[in-house]
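A look at the structure
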Amino acid sequence: MTATSGRVSSFWCGLTLVTGLYLAFLLALLISTAAYTTPHHLWAALDSREIRYSIGLSLVSCTTSALLALLLAVPVGYLLSRGRFFGKAWLDAALDIPIVLPPMVVGLCLLIFFQTPAGKMIERVIPFTYTVAGVVLAQFVIGAAFAVRTMRGVFDHLSSRPEDVAMTLGCSRGQAVWLVTLPASRRGMFAAFSIAWARSLGEFGPILVFAGATRLKTEVLPTSVFIELSVGRLEAAVAVSLLMVALALIVLVAVRIVGERL
Amino acid sequence: MIQLESIVWRAGTFRLEDINVSIPTGSYGVLMGRTGCGKTTLLEIICGLRRPLGGRVLIGDRDVTHELPAARGVGYVPQDGAMFPTMTVREQLGFALRLRRRPAAEIAERVDQLATELGLTALLDRLPQGLSGGERQRVALGRALAAQPKVLLLDEPLSALDEELRDDLAALLRRVQREHGVTALHITHSRAEADLLADVLFRLADGRITETPLTPGRSSKP
């Protein structure tokens, strides 16, 4: 900022001020929430069987849905990045539908789909509506959209030249992607997984509509906040919220640390 | 031998028409032309990375027009080296042989031989990020030669190097081409590079290709 002029210009001061105010606002939100509760409330929340179940289900369902999202995002992201085909712009836009739709509407769409003949056939094999599988599916729908977008960006930034060379050396296209491109995109895959995981952790609307809010069954952390608030236990709601903040921070730090080592 | 017969390629308003090229077996062909005239496209057509709209590509006596890149028996050295980002120099040099499931001892022997020949022995355990431009090009050359292709295709391999390195690598290219007995096609926009290396010289302009006489009294080949 000061390398050329020797003093900080008003331009950079302005940018710093805006950034500082925004950061201060975010910190104020977290600090005020933290100050609202006490260690006693936190322990009480952790001691509750329902909340412990909700933490466990959140961790398992978020990890499962994020892994499924990554499995989808790698091939779809690659197709969008490297493929040249008619209707690509439309496909690209269509894959953003879960991002732009209101979350409640996503839940409603899921609920209605599983009332159709095709949906009912699927449910005969795996029941989704108001089940743990439904929680994972609702999280997956939103998380996958973000993971696909991330993986497309990752492949866009990786040159296709090494793949071309690998093909002249004896690889099929699939082998070239597997042996050359995927190892080079491991940081991006980790980022896509993390984004899908974090989105899943905060998902509430579609889960409430599609999987319900049944304690010790389909209750995840955001559902716990909603249930505690609805019965007037604000302290417990705040304690669960702080748990979610802590989990999100752990993920953020882990992403940074692991991402740098990969 | 590399032979292109009546190759046609179009992309939007860009077109290559009736391209005929013949580089005799064991010769060093150089293709010159301005940036954006289609030199790389032509090389990619020979590699099999692009399919021409018409015409035939022959390598040796074999028509490879409809074959996959993997089956053509070409070694390809792109402009920037196109290193495999997560592989060490040793792994890059052994890549083509690992794909062919050659025994580990044979791969190790071939890697050592190429590394010695190209001056890469001290770099074998390095990743591409730790290599200079000249080192990358030598690795790319070794990687392309590992499976003993009949044809070597070089896309401006010297353009990103400083003058001294360029002369050294040009000498290395010529030596390696002779010793391995490969037919080479080298793309450049430098007349000096062409004079230094070419047995046969072609010029691509306005979508058409012409064979150009070599400069009389040009500097002797390294």
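Residues take numbers from 1 onward in each chain, read along the sequence in its written order. Labels are handed out in written order, letters beginning with A for the chains and numbers beginning with 1 for the ligands. Local features in this predicted model are restricted to residues of pLDDT 70 or higher, and side-chain atom pairs are both shown and tallied only at a pLDDT of 80 or more, whereas totals for entire chains, interfaces and linings draw on every residue.

**A few points about the overall build of chain A**
The cut-off we apply is this: Strands are runs of DSSP state E lasting at least 2 residues, helices are runs of H or I lasting at least 4, and numbering of each runs from the N terminus. Two residues qualify as being in contact provided that their C-beta atoms, derived from the backbone, are within 7 Å of each other.
Counting its regular elements, chain A contains 14 helices and zero strands. In chain A, the order of α-helices and β-strands from amino to carboxyl end is α-α-α-α-α-α-α-α-α-α-α-α-α-α. Its C-alpha atoms put chain A at 70 × 65 × 30 Å along the principal axes. For chain A, contacts bridging at least 24 residues in sequence account for 77% of all contacts bridging at least 6.

**Quick look at the interface of chain A and chain B**
Stated precisely, the cut-off is as follows: Gly is placed with the polar residues, together with every amino acid not listed as nonpolar (Ala, Val, Leu, Ile, Met, Phe, Trp, Tyr, Cys and Pro) or charged (Asp, Glu, Lys and Arg).
Between chain A and chain B, the residue contacts involve 14 residues of the former and 18 residues of the latter. No other element matches the six residues that helix H9 (residues 161-168) of chain A contributes to the side of chain A that touches chain B. Here the side of chain A that touches chain B is built from residues that sort into eight nonpolar, four polar and two charged.

**Thoughts on the confidence of the model for chain B**
For clarity, the cut-off: By definition, pLDDT measures how confident the predictor is in each residue, and it falls between 0 and 100.
Scored by pLDDT, chain B comes out at a mean of 91, with 97% of its residues at no less than 70. Across the whole predicted complex the pTM is 0.87, and at the interface the ipTM reaches 0.91.

**Overview of unusual backbone geometry**
Residues and elements named next belong to chain B. This is how the line gets drawn: Between the buried cut of 20 or more and the exposed cut of 12 or fewer other C-beta atoms within 10 Å of a residue's own C-beta lies the partly exposed class, and all C-beta atoms are placed from the backbone.
With a phi close to 55 degrees, Arg101 is a non-glycine residue in the positive phi region. Tracing the chain through its elements places Arg101 in the loop between helix H2 (89-99) and helix H3 (104-118). Arg101 gets classed as exposed once you count the C-beta atoms within 10 Å, which come to 7. The backbone of Asp206 sits at a positive phi, close to 55 degrees, despite the residue not being glycine. Relative to the helices and strands, Asp206 resides in the loop between strand S9 (200-205) and strand S10 (208-212). Since 12 C-beta atoms lie within 10 Å of it, Asp206 is described here as exposed.

**Focus: the nonpolar core**
In plain terms, the rule: Any nonpolar core is a set of buried residues, restricted to Ala, Val, Leu, Ile, Met, Phe, Trp, Tyr and Cys, that join up through C-beta atoms within 7 Å.
By size, the foremost hydrophobic cluster in this structure holds 74 residues, and its most contacted members are B:Ile46 and B:Leu153. Excluding residues that lie within four positions of it along the chain, B:Ile46 makes contacts with B:Ile2, B:Val57, B:Val74, B:Leu153 and B:Leu185. Counting 50 residues, the second-largest nonpolar core is a separate cluster that includes A:Val154, A:Ile207, A:Leu221 and A:Ala237.

**Some thoughts on the packing of H2(B) against H3(B)**
All names here are of chain B. Put simply, the rule reads: For every element, the axis is a line fit to its C-alpha atoms; helices are fit only across the contacting stretch, and the angle between N-to-C directions ranges from 0 to 180 degrees. To sort the angles, those under 35 degrees are grouped as roughly parallel, those over 145 as roughly antiparallel, those from 65 to 115 as roughly perpendicular, and the leftovers as oblique. When the near helix sits turned anticlockwise from the far one by under a right angle, the crossing is termed left-handed; a clockwise turn instead gives a right-handed crossing.
It is at 9 Å that the axes of H2 and H3 come closest, and there the two elements cross at 130 degrees. Considering their axes alone, H2 and H3 lie oblique with respect to each other. When the axes of H2 and H3 are compared, the crossing they make is right-handed. Seen from H2, the contacting residues are Arg90, Leu93, Gly94, Leu97 and Arg98; seen from H3, they are Glu106, Ile107, Arg110, Val111, Leu114 and Ala115. Of the residues assigned to the contact of H2 with H3, the class counts are six nonpolar, one polar and four charged.

**Considerations on the pairing of S9(B)**
Residue and element names in this part refer to chain B. How we decide: Pairing between strands is defined by DSSP: at least two bridges between them are needed.
Across four bridges, strand S3 (residues 28-32) lies against S9 in parallel orientation. Looking at S9, one finds that Met32 is bridged to Arg203. Relative to S10, S9 is paired through five bridges, and the arrangement is antiparallel. Bridging across to S10, Arg203 finds its partner in Thr210. A loop of two residues connects S9 with S10, the two strands running antiparallel in sequence, and Asp206 in this loop sits at a positive phi of about 55 degrees.

**Quick notes on the packing of helix H3 (residues 49-82) of chain A against helix H8 (residues 132-157) of chain A**
Residue and element names in this part refer to chain A. Interhelical geometry of H3 versus H8 gives an angle of 35 degrees and a closest axis separation of 6 Å. Between H3 and H8 the crossing geometry is right-handed. Split by residue class, the contact of H3 with H8 holds 22 nonpolar, eight polar and three charged.

**Points about the environment of B:Ala192**
Following the sequence through the fold, B:Ala192 ends up in helix H6 (residues 191-197). A sequence separation of 124 residues divides B:Ala192 from B:Leu68, and the C-alpha atoms of the two residues are 34 Å apart.

**Digging into the sheet that holds strand S2 (residues 14-23) of chain B**
Residues and elements named next belong to chain B. One open sheet holds the four strands; their spatial order is S2-S1-S4-S5, and the pairing between them is antiparallel. One side of each edge strand has no neighbouring strand; the edge strands of this open sheet are S2 and strand S5 (62-63). As defined by bridge partners, strand S4 (residues 54-59) adjoins S5 across two bridges and the pair is classed as antiparallel. By the bridge assignment, Ile59 is partnered in S5 with Arg62.

**Considerations on helix H1 (residues 39-47) of chain B**
Owing to its 3.6 residues per turn, the α-helix aligns residues three or four sequence positions apart on the same side. Residue and element names in this part refer to chain B. The buried count for H1 comes to seven of nine residues, which makes it a mostly enclosed element. Buried within H1 we find Lys39, Leu42, Leu43, Glu44, Ile45, Ile46 and Cys47. Where H1 ends, the next residue or the one after it, Gly48, has phi of about 95 degrees, a positive value.

**Notes on H9(A)**
The element H9(A) is largely enclosed, with a buried count of seven among its eight residues. Of all the residues in H9(A), the buried ones are A:Pro162, A:Glu163, A:Asp164, A:Val165, A:Ala166, A:Met167 and A:Thr168. Buried residues belonging to H9(A) abut helix H10 (173-184) of chain A together with H1 and strand S6 (74-77) of chain B. Looking one or two residues beyond H9(A), the residue adopting positive phi is A:Gly170, at roughly 130 degrees.

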